[in-house]
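As a plain string of letters, each chain reads:
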Amino acid sequence: MILIHLLTRQMLPGISTDCLHDIILKTWENNYQKYRENLYLDAFQQAVEEEERLLASSTSNSLILIDRTVFLELLQQNLNRLTDRQPYNTLEGDAFRYLLSNMMQTNSVLTINGNNLELGNYESIANHLVKYARNIFLAPILSDEYRFIIRCQKLVENELPRSDDAQKIAGQIPSILEALKGFVKQQEAHQILSTNQKFKWQGDSPFPGLRAFESEDALIFFGREQETKHLIKLLQENRFVAIVGASGSGKSSLVRAGIVPGIKDRYEIVYFTPGEFRNDPFLSLAAAFTNFLKAQPAMVRRNLEQILDANPTVPRELAETLENNPSKLEDLCATLLNGKDEFLLLVDQFEELFTLVKNSNLQNQFVNLLAKVQEASHFRVLITMRSEFYHNFLELSELPSELLNRGQYSLKPPSMQSLYDMILKPTQIAELKFETNLDLTIFVSASVNPGALPLMAYTLEELYKKAKERNDCRLTFDDYNAIGGVEGAIGSRAEKTFRKLSEAAQYALPKVFQELVVVKKLGVATRKRVLLEKVKSSSGAEELVDALIEARLLLTDSEPVSNKPIVEVAHEALFSSWKKLKEWIEETVGYLFVLQQIEEAIELWKTYREDEKYLWKGDRLKDAQTIVRRLSLELRPDQEEFLQPEVDRLEAKLLDDTLTHIKRESIGEELHHIGDTRPGVGVRNYGLPDIKWCKVPSGFVQLEKEEGEFKVDYFYIAKYVVTYKQFQTFVDHPNGYECSQWWKNLAPQKFQLSMQPFRYDNYPRTNVNWFEAMAFCGWLTENLPCDVFPKAEGTDWVVRLPTEWEWQQAASGGDTQRDYPWGNWCEKEIRCNDTQSGLERPTAVGMYPQGISPVDALDMIGNVSEWCLNSYEVPRQIDLTSYERRSIRGGAWRFRAQSQNLKYRDFANSANPAKHIGFRVVYAPRVNVSC
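Described in the following lines is the structure provided in the data block. (Residues numbered from 1 in each chain as written. Predicted model: local features only at pLDDT ≥ 70, side-chain atom pairs only at ≥ 80, totals over all residues. Heavy atoms only, no water.)

**Notes on the overall build of the protein chain**
The helix and strand tally for the protein chain stands at 36 helices and 22 strands. A total of 931 residues make up the protein chain; the buried ones form 55% of that total. If you sum the accessible surface of the protein chain, you get close to 41,300 Å²; carbon and sulfur atoms cover 48% of it. (Helix = DSSP H or I, 4+ residues; strand = E, 2+ residues; numbered from the N terminus. Buried < 20%, exposed > 50% of the residue type's maximum accessible area, 1.4 Å probe, protein only. Areas by Shrake-Rupley, 256 points an atom, 1.4 Å probe, with all protein chains shown as cover.)

**A closer look at the layout of surface pockets**
If a probe the size of a water molecule is rolled over the atoms, the empty space left behind becomes visible. Reported here for the second largest pocket is a volume of approximately 1,200 Å³. Lining the second largest pocket are 46 residues, and of these N279, E515, K534, E599 and R636 sit closest to its centre. For the lining of the second largest pocket, the elements supplying multiple residues, two or more each, are α13 (315-324), α25 (509-516), β8 (517-519), β10 (530-531), α26 (532-535), α29 (579-607) and α31 (637-642). Of the residues forming the lining of the second largest pocket, the biggest block, seven residues, is contributed by α29. Residue composition of the lining of the second largest pocket, by class: 19 nonpolar, seven polar and 20 charged. (1 Å grid on protein atoms, 1.4 Å probe; cavity = no way out; pocket = protein on both sides within 12 Å on 5 of 7 lines; lining within 4 Å. Points joined across faces, edges and corners; volume = space filled by probe spheres on them. Nonpolar A, V, L, I, M, F, W, Y, C, P; charged D, E, K, R; others polar.)

**Considering unusual backbone geometry**
Phi is positive for R278, which is not a glycine, with a value near 55 degrees. Counting through the fold element by element, R278 comes out in the loop between β2 (267-272) and α11 (281-294). Look at N471: it is not a glycine, yet its phi comes out positive at around 55 degrees. By the element assignment, N471 lies in the loop between α21 (453-469) and β7 (474-475). Here N471 falls in the exposed class, since its relative accessible area comes to 73%.

**Some thoughts on the packing of aromatic side chains**
By the definition in use, this model includes 43 aromatic pairs. Relative to F393, the ring of F350 has its centre 5.4 Å away and its plane inclined at 85 degrees; by these criteria the two rings are edge-to-face. A residue pair is termed long-range when its members are at least 10 positions apart, and F350 in the loop between β3 (342-347) and α15 (352-355) and F393 in helix α17 (residues 390-396) qualify at 43 residues. Residues F350 and F393 agree in their burial class; the two are buried. Between F776 and F919, the ring centres sit 5.5 Å apart and the planes meet at 75 degrees, which makes this aromatic pair edge-to-face. Here F776 is found in helix α35 (residues 770-783), whereas its partner F919 is found in the loop between β21 (917-918) and β22 (922-925), with 143 residues between them in sequence. (Phe/Tyr/Trp six-rings, centres within 6.5 Å; stacked < 30°, edge-to-face > 60°.)

**Describing the pattern of salt bridges**
Here the structure, examined in full by the defined rule, presents 34 salt bridges. Here D796 and R926 are joined by a salt bridge, their closest N and O atoms 3.2 Å apart. With D796 in the loop between α35 and β17 (797-800) and R926 in the segment after β22, this residue pair connects regions lying 130 residues apart in the sequence. The class for D796 is partly exposed, based on a relative accessible area of 43%. (Salt bridge = Lys/Arg side-chain N within 4 Å of Asp/Glu carboxyl O.)

**Overview of the sheet that holds strand β13 (residues 693-696)**
Across a sheet, strands are paired by hydrogen bonds formed along the backbone, either parallel or antiparallel in direction. The antiparallel open sheet is built from four strands, whose spatial order is β13-β16-β22-β17. Each having just a single partner strand, β13 and β17 make up the two edges of the open sheet. Recorded for the sheet is a direction-independent mean angle of 35 degrees between the axes of neighbouring strands. As defined by bridge partners, β13 adjoins strand β16 (residues 715-718) across four bridges and the pair is classed as antiparallel. What sits directly across from C694, in β16, is I717. Contacts from helix α36 (residues 804-812) reach β13, β16, β17 and β22, with the element oriented near 75 degrees to β16. (Pairing = 2+ DSSP bridges. Axes fitted to C-alpha atoms, helices over the stretch in contact; angles between N-to-C directions. Contact = heavy atoms within 4.5 Å.)

Next comes the structure, spelled out in structure tokens:
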């Protein structure tokens, strides 16, 4: 069919899809009967030839005398029923069933010499049964046939000569029978006891839709018989088996409805997924054991409590025990075999260990647990995993490579015949009827689309629902076209559901699915399971989630033990079939991947006790913050802390009173390298200095050396001294330092700009003389936008240097008894950068928040001295052009702060720059020098 499809496309590239389907169906219809007859005749002929080979190898003609005519007639009857679409399973199983039936019903079947079977003859029977014991799986077993096998056993046990060889061969029969007994319940579930007895379907839909098949669905699980037999054999031969396949290939269904029903009589099975309980594989394993253990007698639980040194029915205690001591799992399982041969640990959706479990230590420990327990004689491990995550497992696994190679099973797409069985046989069991050629149309659509199994199952379920609404048993083309066919069924349902929602619910789609979707490397989107309350974060989100649950596009369950409701996407096919969701994933896949990396990084950070070296920094952190803003995420406390801006984190560290001078200096340098974004330190986005203003209250100030008392009206002072980057904007501005406008009322000449030793953006600008500082103030007054200035009463407010009394009022906050901005001197406290720091240079601004003044200005003592507006000798004199000595305040890194308190007066020549002198600006009236 695929070949027909591709050839037709190649020869007629412009043909429409509908026309192409018509051509294919016509071609298929003409060859359909011949195709089926040839398929089955070949299989039956092989069975007959095999039987002839067995007869030819027999040592006696008295063993099995098959009547060839009768046998072929029975095969032909079987063929006729198959071409009439009667529900049968494996061909080899059918052939064997009719062989046994013929042996029972025909006089020429079995000849016994006297009362005994000859040894050689029995050996042929044993070999024959061994050969077909596995092939018979899922083939209907008749009760008469079963009695025939028992009769063979009794003949051997009671009537064979008691030679050593006879004993050996007789010993093989119980194991053969046990293998067959394991299949009996499964076969009885099929209710096909003879070719003349019809089974009456009592269930609801014979199609699972988006959910996986479960054990109780074994009756309607078709198309994977060969894979099931092979995997059961592989599991018998290996203690570790990994089923690896693409998303949508039916791994979970194969395990639950195929393998489990065939082995549950021999294995005690514990089933779980790694991330189903709080994204912790050990908690998930413990939770899976909990309900199982609660059903055990109290004595057993008490014994287990002694073995485990923990309460086995408390998941947290059990999880910690298994995590810390893997051998306890062996002890636990050995005690709970309940007469079964072995324990099977079945870990479905193993990729959750990499998509949902963020802690790499947990990942490693859990894989080590599997490596440990599979060595136990009574223990086997079966996992299913998406193929794109298998390399993650190989990187972690401590299982021997030989074991991995032997136990890996790559689940391929179903064969053409198997795919058709998946469509046809459940329909026959439920006595539904396809409109002519509809089954083939679905078959063609599913066969040419990789990963179409979930889409096909969903389409069939939707067709069943529509038939049920009509109280009909017909699956029709009209319904098929209405739901959008195999390719569009899920997307069509999702879109119709979505369009009926309110605007608020539609707007909530990104917020809901960023919780339900996780993206790993290479942009692979997978689903994740979350608490229902988490995705219902708003009324709109609640409406959307409830609607998608009602449409069965989201599935709900309860978290083990806590019983809190959880939700997940019904199947990952939704990601590609719903156009709106697909486009959103494609647009945000990079963001979702970063969110996943954030979660993993947070887990690692927590694992190492929040060691800051595991925090993100630089551009990586900035990109993550940008994504969080774009997605409008509401962060958890740990996420907020992890994603805290690096500048805020470093600034917070400065609040530690025990932080040394050297550490403070290094923080300042680090802030420079990452880009110091503290308000008042850098420049605004329009390229002008960003000044953070602090309001200073009015009052009276007494200067030292009996210079008198000065009245101060309220004004605003900068939180920090002017930084290197801020002053550099003045130097680089085309209308800045070189413009004569800023010098005309100052010195008669411009100066040669001096450089400074420490040219970090967030360091104080030093080596600037008094005139250059005043020119900068004039430039700011004219260029800063009005909205960046604080509200002020009156007119003619300007940016300028502070007077001494203004500076002192800002440093003391108006408290005349205060000697230092922070209060009183304390020898052991680190409040500023002075000569005792040992640095012998300035630090970045604001590195000593413990030295803050009452008005929130920083570094008013230590670090650098600051130019004041007024003359030193005559404070009330303010001459803008004079080269006289100007007052400086605050001390600097080269002086001892204890002697350079906030009342201490100092001076410097106004034309001479110095590496220890900087300046701070105020916003105040142009003239504010009244006494």
